[in-house]
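# Chain and residue survey
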Amino acid sequence: MTDNKSQQPEIRARRMAFDMDEPMRTYCFQDNSLISTFFYALSCLFPEGERFFIHSVRHYRDQVTDPLLKEQIRGFIGQEAHHGHSHEGMNDKLEGMGFPISRIVKRLEKRVKFLKTLSPQRQLALTVAMEHFTATLAEQVLENPDYYSDIDPTMRKMLIWHAVEEIEHKAVAFDVYRQFVDNEFMRKRVMVVAIIGLFARLSMYQCSLLWAKRKLPSWKEWKEAFHFFWNKDSGMLRHTCKALIPFFKTGFHPWDIDQTELIEGWQERFPDVAQLQIS
C-alpha cells in the first residue's frame, strides 16, 4: 500500500480540438469490424459513464477537507467532463456514418438512471472499479502505441489523450472511497459485478452496431481480432485482465502500480496530439 502523494501527477483538464470533419473509415481500426465496433461501443459508454463518475464523486466533495484531494477532485471533474464532450462528438460522427449510437445511448441512460438509485457508497465503489479498468486500458495504449498505428487519425489522437488523463486521475475516486467508505469487501465485490456487466453490455452493443450494418465478420476478421485482444505479448484484453488482479489485494492503492513513466513527457512522444490542446 502506498501513501506517497508526491508520486501522483498534476491533474489538469485539457480542452482538445479534434477534427470531427475528417473522413473516417467505416471500420477505423485496421478495417476490422470486430475491433472497431468494440471501440465504438466503448465510445457509446463514455459520455453517460463519465457523468456518472462525476456524480458519484461530487456527492462527497463538500466533505473533503484535504486541500490536495480537493484540488484533485476539481481536476478529475474537469477531465471527465471534457472526455464526455469529446466522445459525444465522436458518437455524433459515428451516428452520421450509419451506426445506431443514439439508440444505444438511450439504453445506457436508463441504466445510469437505475445506478443512481443505489447507495452513494455503491455508486462510488462502481466508479472506483471502472476507473481502475480504464487505467489498465490506458496503460496498454501508451505502452504499445505502434499497436494503434493502423487506425484513423482522429480516433488515435483521442485515444492517446484520453489514456494520459485516465492515468493522471486514476486514484481520485479511490482516495475519496478510502476516506469516506473504506469497505474492502464492497470494493472487490463491486469490481467483479461491474466487469461482468461491462463486457456483457459491450458485447450487446457490438452486436447492435454490426447488425445495423448487416455486417457478418469474416473468419479473417475473427482471427485478427483474437490476436489484437488476446495475443500473449500485447493483447489488449489479455493485458487488462492481468492488470485487474492487483485490485483484489487488500490494502491495494492505484499508485501501487507506477505508471508515471507512461505520462511523463507525453507531449514530446505524441506531438500531433499535444498540438490539439486549446486550453
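Owing to the predicted nature of the structure, the values given are computational and were not obtained by experimental measurement. (Residues numbered from 1 in each chain as written. Predicted model: local features only at pLDDT ≥ 70, side-chain atom pairs only at ≥ 80, totals over all residues. Heavy atoms only, no water.)

Moving on to the nonpolar core. Ranked by size, the top nonpolar core spans 92 residues in total, and within it Phe 29, Phe 39, Met 130, Leu 142 and Tyr 148 carry the most contacts. Among the elements that line this core, the one with the most residues is helix α1 (residues 33-61), at 15 residues. Contact partners of Phe 39, with chain neighbours within four places excluded, come to Phe 29, Tyr 148, Leu 159, Phe 228 and Met 236. (Core = buried A, V, L, I, M, F, W, Y, C linked by side-chain atoms within 4.5 Å. Buried < 20%, exposed > 50% of the residue type's maximum accessible area, 1.4 Å probe, protein only. Helix = DSSP H or I, 4+ residues; strand = E, 2+ residues; numbered from the N terminus. Contact = heavy atoms within 4.5 Å.)

Attention shifts here to the packing of aromatic side chains. This structure, assessed with the given rule, holds 18 aromatic pairs. A ring pair is formed by Tyr 147 and Tyr 148, whose centres lie 5.6 Å apart and whose planes are at 75 degrees; its orientation type is edge-to-face. The exposure class of Tyr 148 is buried, given its relative accessible area of 3%. Put simply, the rings of Phe 29, Phe 38, Phe 39, Tyr 147, Tyr 148, Phe 228 and Phe 229 touch in pairs and so form one group of aromatic residues. The ring of Trp 255 carries Lys 170 above its face, with NZ or CZ at 4.1 Å from the centroid. When the ring centre of Trp 211 is taken as origin, the NZ or CZ atom of Arg 214, which lies over that ring, is 4.3 Å away. (Phe/Tyr/Trp six-rings, centres within 6.5 Å; stacked < 30°, edge-to-face > 60°. Lys NZ or Arg CZ within 6 Å of the ring centre and 35° of its normal.)

Residues other than glycine seldom take positive phi values, yet Gln 30 does so here, at roughly 60 degrees. Inspection of the secondary structure assignment puts Gln 30 in the segment before α1. Residue Gln 30 is classed as partly exposed on the basis of its relative accessible area of 27%. Here Asp 182, not a glycine, exhibits a phi torsion of approximately 55 degrees, which is positive. Structurally, Asp 182 is set in the loop between α6 (172-180) and α7 (184-212).

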